[in-house]
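Chain residues, written in single-letter form:
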Amino acid sequence: MQKNSMTFIDNRTGNSYEYPILEATRGSSVVDIKSFYVDTGLFTYDPGFTSTASCESKITFIDGAKGELRYRGLAIEELAQDHTYLEVCFLLLNGRLPQQVELEDFDLELRHRAFVDEGLKGLILSFPSQAHPMAILSSSVSALASFYYEHLNLEDERSYQEMASRIIAKIPTLAAFAYRHSLGIPFIYPDIERSFTENFLYMMRAYPGGKMKITKEGEQTIRQVEIDALDTIFTLHADHEQNASTTTVRGVASTGAHPYVAISAGISALWGRAHGGANESVIAQLEMIGHVKNVPAYIAKAKDKDDPFRLMGFGHRVYKNFDPRAKVLKKLQDQLKEELGLDSELMEIAQEIEKIALSDPYFVSRNLYPNIDFYSGVILYALKIPRNMFTAIFVIGRSVGWISQWIEFKKDTTSKIARPRQLYTGA
Ligand code: CMC
């Protein structure tokens, strides 16, 4: 018997089968059960994939017990503090941080690629004005496939890096257009002179003709502190290994569909409130609670098994100690309190929820801690980003993660179409 293996004994027949254990460089190793069905005639059963590794990856590592998150080996705390989102994009795509000249080239390329085909404006305008920006974003990213129907040839490194840059550069523009359409106001084109993150705020906020509102004191409406905070939020969302939306992207990639369609599917998967949609739900929930005195009643609802109510922004499938992204954001939130004037009533409610939940045996025994969405919602609210755009902000940050994972999947010569089996209990 091999040392690095696991033996499965079928007690019905007494037959035993040996499966190799593949060693991870960090974190849990895996039992390779690829031949399990052929050997035993049985399927494994794991709803929600709680114990299943769906792929091999070199991009992002999470240690949920320690509360650790690394992109290409680098700790998220260090990346958030010392590097910009564009450096992080380069890192995820290339496996290393850029040299200064590479960063300048990448930045310039994204500025040029931020423009979208005029035809896409027609698509966005055809949505009802009350359409959620996530619906418009998912559809318009899918529509990109009809404007750029190449890049399926992975022999050509330059061509899919170009496709990755297009996706990262155009999604903020489409997101801002979706938002402006929901207000019924004219679109603002990207400004080639503005950096990635500043440009997004500009396209959301500028007046027709590209004019920015200046206060009586001569102040610009986009402040550096806001750009820095949003840039950090993008970095913290950039990738998160095999989460629900990334698994969706890889699943669509496995059928050979076009990359833009795969990213569009990822956007739809992210929208749900158990995933990226939670940031919007956090603020909706804080507003619903309305006052600190109501917090205990809502905590009781969250603990009541007969009540479907859940505390939004709490709990995580992988993190069972704390969410390191939430830690960075909590620090950022404290720093911004003064500078951005975080809404004191909502903050008070959020802090009361945090205080009670962190000491309540229900939450403590289930390892339910505030996650990234608990703090990002409050910060985005302070940045005066409308609530229906919160999940679109998550999309902007995550687009690089999805496309990096798409590329990795496509380059993996062992990858197969995603096709799980089932435990049939019907007639
Ligand atoms: N409020 C109250 N109870 C909860 C919560 C919550 N937010 N989250 C989990 N629980 C309870 C749940 O009822 C269950 O209790 P019991 O063991 O008595 O049945 C236990 O904790 C385990 O929950 P689970 O649903 O089995 O855990 P999961 O790993 O399948 O779900 C989750 C993870 C994130 C979907 C869930 O915690 C949740 O719905 N949280 C609220 C939504 C949210 O904040 N989502 C954002 C996640 S972070 C952003 C991202 O990366 O997507």
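Since the structure is predicted, the reported quantities are computational estimates derived from the model, not experimental observations. (Residues numbered from 1 in each chain as written. Predicted model: local features only at pLDDT ≥ 70, side-chain atom pairs only at ≥ 80, totals over all residues. Heavy atoms only, no water.)

Draft legend 1. Structural view of the sheet that holds strand S3 (residues 30-31). Spatially, three strands are ordered S1-S2-S3 in an open sheet, and the strand pairing comes out antiparallel. Edge strands, defined here as strands with exactly one partner in the open sheet, are strand S1 (5-10) and S3. As judged from the six bridges shared by S1 and strand S2 (residues 15-22), these two strands associate in the antiparallel manner. Residue pairing in the sheet places Ser-5 in a bridge with Pro-20 of S2. (Pairing = 2+ DSSP bridges. Helix = DSSP H or I, 4+ residues; strand = E, 2+ residues; numbered from the N terminus.)

Draft legend 2. Up close: the packing of helix H10 (residues 244-253) against helix H11 (residues 259-271). Contact geometry of H10 with H11 gives a least axis separation of 8 Å together with a crossing angle of 150°. As far as their axial angle goes, H11 and H10 are roughly antiparallel. The two elements H10 and H11 meet at a crossing, and its hand is right-handed. In contact with Ala-244, Ser-245, Thr-248, Val-249, Val-252 and Ala-253 of H10, H11 contributes Val-261, Ala-262, Ile-263, Ala-265, Gly-266, Ala-269 and Leu-270. Along the lines of polarity and charge, the residues of the contact of H10 with H11 split into 10 nonpolar, three polar and no charged. (Axes fitted to C-alpha atoms, helices over the stretch in contact; angles between N-to-C directions. Parallel < 35°, antiparallel > 145°, perpendicular 65-115°, else oblique. Left-handed = near helix turned anticlockwise from the far one by under 90°. Contact = heavy atoms within 4.5 Å. Nonpolar A, V, L, I, M, F, W, Y, C, P; charged D, E, K, R; others polar.)

Draft legend 3. Layout of the sheet that holds strand S4 (residues 60-63). One open sheet holds the three strands; their spatial order is S4-S5-S6, and the pairing between them is antiparallel. At either end of the open sheet lies a strand with only one pairing partner, and these are S4 and strand S6 (74-75). Note: S4 against strand S5 (residues 68-71), four bridges, orientation antiparallel. Within the sheet, the bridge partner assigned to Thr-60 lies in S5 and is Tyr-71.

Draft legend 4. Local environment of the domain arrangement of the protein. Taken domain by domain, the protein holds domain 1 (2-53) and domain 2 (74-420). Of note, the centres of domain 1 and domain 2, computed from C-alpha atoms alone, are 36 Å apart. (Domains from an automatic or database assignment.)

Draft legend 5. Representation of the packing of aromatic side chains in the model. For the coordinates displayed, the defined rule picks out 16 aromatic pairs. The interplanar angle of 50° and the centroid separation of 5.4 Å between the aromatic rings of Tyr-85 and Phe-234 together place this pair among those described as tilted. Of the two residues, Tyr-85 sits in helix H3 (residues 85-94) while Phe-234 sits in helix H9 (residues 224-237), which places them 149 residues apart along the sequence. Judged by relative accessible area, which is 0%, Tyr-85 ranks as buried. Look at Phe-234 and you get buried, because its relative accessible area is 0%. Consider the rings of Phe-177 and Tyr-189, whose centres lie 6.3 Å apart with planes at 75°: the pair is edge-to-face. Here Tyr-189 lies in the loop between helix H7 (157-183) and helix H8 (196-205) and Phe-177 lies in helix H7, a separation of 12 residues in the sequence. On the basis of relative accessibility, which here comes to 37%, the residue Tyr-189 falls in the partly exposed class. Chaining the aromatic ring pairs together yields one cluster made of Phe-314, Tyr-362, Phe-363, Phe-374 and Tyr-375. (Phe/Tyr/Trp six-rings, centres within 6.5 Å; stacked < 30°, edge-to-face > 60°. Buried < 20%, exposed > 50% of the residue type's maximum accessible area, 1.4 Å probe, protein only.)

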